[in-house]
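Now for the letters of each chain:
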Amino acid sequence: MDHLGEFRRAALELGIPDDEISRFSRHLRLSIGLSVGGASAGGSVVGQLGGLPRLPVGMKWPSAGEVPLPLLLSVDCGALPRVDGFDLPADGTLLFFVDQEKDCVDDSGKYARVVYVPDGTETEVAKAPGSAWVRERSDVSAELGAELPLWLQEAEDEDWHEFWEDLDWEDMSPFQQQLVRYMERDLPHLDELRALAHGLWPSGAGVVIGGYADDEVINSLAEQTLAGREKAGEIPPIPVAQWHSHLEEEKHRLTSEWISLAGEARCYEAYFTSFVIRHDDLAGVRVDRALAVTGFEAP
């Protein structure tokens, strides 16, 4: 289905200029929300949370050394709705394994893994290494949701925007000023376009495939990238007073390079994991290069 075409037609009916619709659409990403309630209500099952995985015959249960990794999620790529710009495999199964408690305190990446099983592979239900490593199974159905980058989200939804609103123009970094000018000059109907997108594709699922990578993950990647380029002499040392501006610009660049492969919503007093991947690695089905980051929502 031509989702962006559907969005364009609806926006044109509102009287919004075509060129502004095009600018906004460059930032609009559709994600795939996974819902347990939808599956139980008769929605088409596209995967499962927890439970036992189907692995290729002879494949060992994924582990970090002697530590088995619980199955967080598995999805049937062929059953998921297709989304422009999100190059999931056309078929086969993606399985996400993670020991969230260990991954939360260890940034080596060894406590998380993504496995792709192509269609036609002979598989079997894996034997559990023990009940402690098997989560309760829930079937899930899918629905589309609209996502925007952090800087285009509604002010009341993000502390980041509230921080900006308290800044005087002269206190903003050059990059912040650039984004504000862009929104004011090139997206005068931003509120209407944002409301239209979320009206067509409401978001809010607890687990999401695709969309924008978690901001904290992108922030960490940007910090590492800038520090690495400084150390390698690729860029001159960044003055402390300019670090935040450079960081925001680098995050903006990385947001277009990386995409969320799968992510859990933050839940009070619970672990949540985000799997992110570069667009080109996903297109090449190099899912072993996905980066997993686990956090904990503390009270």
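Refer to the structure printed above.
Quick caveat, the model's predicted, so the values are computed rather than measured. (Residues numbered from 1 in each chain as written. Predicted model: local features only at pLDDT ≥ 70, side-chain atom pairs only at ≥ 80, totals over all residues. Heavy atoms only, no water.)

Caption draft 1: Focus on the pairing of strand S1 (residues 29–35). Most of S1 is tucked away, with six of its seven residues classed as buried. Bridge count between S1 and strand S10 (residues 138–147): seven bridges; the pairing is antiparallel. By the bridge assignment, Ile32 is partnered in S10 with Leu144. As paired strands, S1 and strand S11 (residues 207–209) are joined by three bridges and run antiparallel to one another. (Buried < 20%, exposed > 50% of the residue type's maximum accessible area, 1.4 Å probe, protein only. Helix = DSSP H or I, 4+ residues; strand = E, 2+ residues; numbered from the N terminus. Pairing = 2+ DSSP bridges.)

Caption draft 2: Highlighting the pattern of salt bridges. Here the structure, examined in full by the defined rule, presents 17 salt bridges. A salt bridge links Arg229 to Glu250, with the shortest nitrogen-to-oxygen separation between them at 3.6 Å. With Arg229 in helix H8 (residues 215–231) and Glu250 in helix H9 (residues 240–257), this residue pair connects regions lying 21 residues apart in the sequence. Using a relative accessible area of 28% as the deciding quantity, one classes Arg229 as partly exposed. With relative accessibility at 5%, the residue Glu250 sits in the buried group. (Salt bridge = Lys/Arg side-chain N within 4 Å of Asp/Glu carboxyl O.)

Caption draft 3: Structural view of empty space enclosed by the protein. One pass over the full model with this rule turns up one cavity of 30 Å³ or more. In this structure, the largest cavity spans a volume of roughly 30 Å³. At the level of elements, strand S6 (71–76), strand S12 (258–264) and strand S13 (271–278) are the ones that each hand at least two residues to the lining of the largest cavity. Of the residues forming the lining of the largest cavity, the biggest block, three residues, is contributed by S12. For the lining of the largest cavity, the residue count by class is five nonpolar, two polar and one charged. (1 Å grid on protein atoms, 1.4 Å probe; cavity = no way out; pocket = protein on both sides within 12 Å on 5 of 7 lines; lining within 4 Å. Points joined across faces, edges and corners; volume = space filled by probe spheres on them. Nonpolar A, V, L, I, M, F, W, Y, C, P; charged D, E, K, R; others polar.)

Caption draft 4: Structural detail: the side chain of Asp281. On the secondary structure map, Asp281 appears in helix H10 (residues 279–283). Once residues within four sequence positions are removed from consideration, Asp281 is found in contact with Arg286 and Arg289. (Contact = heavy atoms within 4.5 Å.)

Caption draft 5: Local environment of the nonpolar core. Among the nonpolar cores identified, the biggest contains 51 residues, and Leu34, Leu261 and Phe275 are the most heavily contacted of them. Core analysis: the second largest hydrophobic core is formed by 12 residues, Val217, Leu221, Ile235 and Leu254 among them. (Core = buried A, V, L, I, M, F, W, Y, C linked by side-chain atoms within 4.5 Å.)

Caption draft 6: Looking closely at helix H7 (residues 190–200). Along H7, the positions that sit buried rather than exposed are Leu190, Leu193, Arg194, Leu196 and Ala197. For H7, the arc enclosing every buried residue in end-on projection is 160°, short of the 170-degree limit, so these residues lie on one face. H7 presents Asp191 and Gly199 as exposed residues on the side facing more than 90 degrees away from its buried surface. Buried-residue contacts for H7 involve helix H1 (3–13), helix H2 (18–25), S10 and helix H6 (174–186). (Arc of directions from axis to C-beta.)

Caption draft 7: Quick look at the sheet that holds S13. Judged by pairing direction, the sheet is antiparallel, and its 10 strands sit side by side in the order S8-S7-S6-S2-S10-S1-S11-S12-S13-S14 without closing on themselves. Every interior strand has two partners, whereas the edge strands, strand S8 (112–117) and strand S14 (291–296), have only one. Here the average twist between neighbouring strands, direction ignored, is 30°. Sheet contacts for H8: S12, S13 and S14; angle to S14, the most-contacted strand, approximately 120°. (Axes fitted to C-alpha atoms, helices over the stretch in contact; angles between N-to-C directions.)

Caption draft 8: Quick look at H6. Taking 1.5 Å as the rise per residue, H6 with 13 residues should run 18 Å; its terminal C-alpha atoms sit 18 Å apart, in good agreement. Buried within H6 we find Phe175, Gln176, Gln177, Leu179, Val180, Tyr182, Met183 and Asp186. (Expected span 1.5 Å × (residues − 1).)

Caption draft 9: The state of the cysteines, seen in detail. The full count for this structure, using the stated rule, is zero disulfides. The thiol sulfur of Cys104 is not disulfide-bonded, and the nearest other cysteine sulfur, from Cys267, lies at 14 Å. (Disulfide = S-S within 2.5 Å.)

Caption draft 10: Focus on the pairing of S12. Within S12, seven of the seven residues are buried, which leaves it mostly tucked inside the rest of the structure. Note that S12 and S13 share five bridges and pair antiparallel. Paired with Ala262 across the two strands is Phe275, which belongs to S13. Adjacent in sequence and paired antiparallel, S12 and S13 are bridged by six residues, among which Glu269 carries a positive phi angle near 55°.

Caption draft 11: Region of interest: the packing of aromatic side chains. All told, the structure shown has six aromatic pairs when counted by the stated rule. The interplanar angle of 20° and the centroid separation of 5.7 Å between the aromatic rings of Phe7 and Phe24 together place this pair among those described as stacked. In this pair, Phe7 is assigned in helix H1 and Phe24 in helix H2, connecting sequence segments 17 residues apart. Under the relative-accessibility criterion, Phe7 is labelled buried at 0%. Aromatic pair Tyr271 and Phe296: ring centres 5.0 Å apart, planes at 65°, arrangement edge-to-face. Residue Tyr271 is found in strand S13, and its partner Phe296 is found in strand S14; the two are separated by 25 residues along the sequence. Three or more aromatic residues joined by ring pairs make a cluster, and in this case those are Phe7, Phe24 and Trp201. Above the face of the Tyr212 ring, Arg29 is positioned so that its terminal group lies 4.0 Å from the ring centre. (Phe/Tyr/Trp six-rings, centres within 6.5 Å; stacked < 30°, edge-to-face > 60°. Lys NZ or Arg CZ within 6 Å of the ring centre and 35° of its normal.)

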